[in-house]
Amino acid sequence: MILVSSCFIMSFAEDFSISSVYVKNGNKQDTYKLAIEATIKMSQEQIEILQNGISLTFSYTFVVEEKVGLAWLEGDNEQKTYNYTVSYNALTQQYVVHAHRTKKYENFPTLSLALAYIAEPKNMIIEIVNRQPNRAYRGGVRLKLDINELPTPLRIPAYLSREWNLDTGWKYWEFTPW
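Rules and cut-offs
Residues numbered from 1 in each chain as written. Predicted model: local features only at pLDDT ≥ 70, side-chain atom pairs only at ≥ 80, totals over all residues. Heavy atoms only, no water. Salt bridge = Lys/Arg side-chain N within 4 Å of Asp/Glu carboxyl O. Helix = DSSP H or I, 4+ residues; strand = E, 2+ residues; numbered from the N terminus. Buried < 20%, exposed > 50% of the residue type's maximum accessible area, 1.4 Å probe, protein only. Patch = residues over 30% accessible without salt bridge, like charges linked within 9 Å, V, L, I, M, F, W, Y side chains within 5 Å. Areas by Shrake-Rupley, 256 points an atom, 1.4 Å probe, with all protein chains shown as cover. Arc of directions from axis to C-beta. Contact = heavy atoms within 4.5 Å. Pairing = 2+ DSSP bridges. Phe/Tyr/Trp six-rings, centres within 6.5 Å; stacked < 30°, edge-to-face > 60°. Lys NZ or Arg CZ within 6 Å of the ring centre and 35° of its normal.

J.: I tried to follow the pattern of salt bridges on my own but got confused; where do I start?
T.: Working definition: two side chains of opposite charge can pair if their charged atoms are close together. The full count for this structure, using the stated rule, is six salt bridges. Between Asp167 and Arg142 there is a salt bridge; the shortest N-O distance is 2.3 Å. Here Asp167 is found in the loop between helix H3 (152-160) and strand S11 (171-174), whereas its partner Arg142 is found in strand S10 (residues 137-145), with 25 residues between them in sequence. Since its relative accessible area comes to 26%, Asp167 is described here as partly exposed.

Below is the structure:
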């Protein structure tokens, strides 16, 4: 059996935002592969903290919802999170990105290249669990700086500062039947 992939694209814009979400059919029924294009712009304070040895974690959260009446509900589909931690290695003068899900480390000579790697993840897999044939489904994604991963003394000022509230908000798209 040959499966034909359909591709769906959503576009948005801003300084800390998700600009595009590319969705195509996965290898199994009711699975989808996603690729994302985002923009990550950090403040000077965040860059200085990073260069002083404190790692920053960015989290992509995915959700699949089904339409029940007028409401969108998660149902059997749990949220899925992909975390990326960026740190600065003063000895090598390189930025290191740790992709938690794949347990992969990548080194970059500049912060902009490290952030570009985080901003454009590929082959993220999501699945619709217990799909009902006559129901509408939508997917959602958000990207945020995870303030909870900061050292305790930095969390309170980060919670109170608007420049530390890096969150794209949810971006949604509807799935077509497989």
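There is more to say, and it comes next.
J.: Would you mind showing me how to read a nonpolar patch on the surface here?
T.: Residues Ile156, Tyr159 and Leu160 make up a contiguous nonpolar surface patch of about 390 Å² in total accessible area. You can see Leu160 is positioned in helix H3. Residue class for Leu160 comes out exposed when judged on its relative accessible area of 72%.

J.: Got a minute to help me understand helix H1 (residues 44-51) in this structure?
T.: Within H1, the full set of buried residues consists of Gln46, Ile47, Ile49 and Leu50. Buried residues of H1, viewed axially, fall in a sector of 160°; they line one side. Looking at the buried residues of H1, the elements they touch are strand S4 (56-68), strand S6 (80-89), strand S7 (94-99), helix H2 (111-119), S10 and H3. Once H1 finishes, Gly53 follows within two positions and takes phi at roughly 100°, a positive value.

J.: Would you take a moment to explain the pairing of strand S2 (residues 17-25) for this structure?
T.: Side chains on a regular strand alternate between the two faces of the sheet. Of all nine residues making up S2, seven are buried, and the element is well covered by its neighbours. Note that S2 and strand S3 (residues 31-39) share eight bridges and pair antiparallel. The residue of S3 that forms the bridge with Val21 is Ile36. Between the end of S2 and the start of S3, which pair antiparallel, lie five residues, with Asp30 showing a positive phi angle near 65°.

J.: It is not clear to me how the packing of aromatic side chains should be interpreted in this structure. Could you clarify?
T.: Where two aromatic rings form a pair, the distance of their centres and the angle of their planes describe that pair. A complete count under the given rule lists seven aromatic pairs for this structure. For the pair Trp170 and Tyr172, a centre-to-centre distance of 6.1 Å together with 20° between the ring planes defines the contact as stacked. According to the relative accessible area criterion, Trp170 is partly exposed, its value standing at 27%. For Tyr172, a relative accessible area of 27% puts it in the partly exposed group. The aromatic ring of Tyr82 is capped on one face by Arg101, whose charged end is 4.5 Å from the ring centroid.

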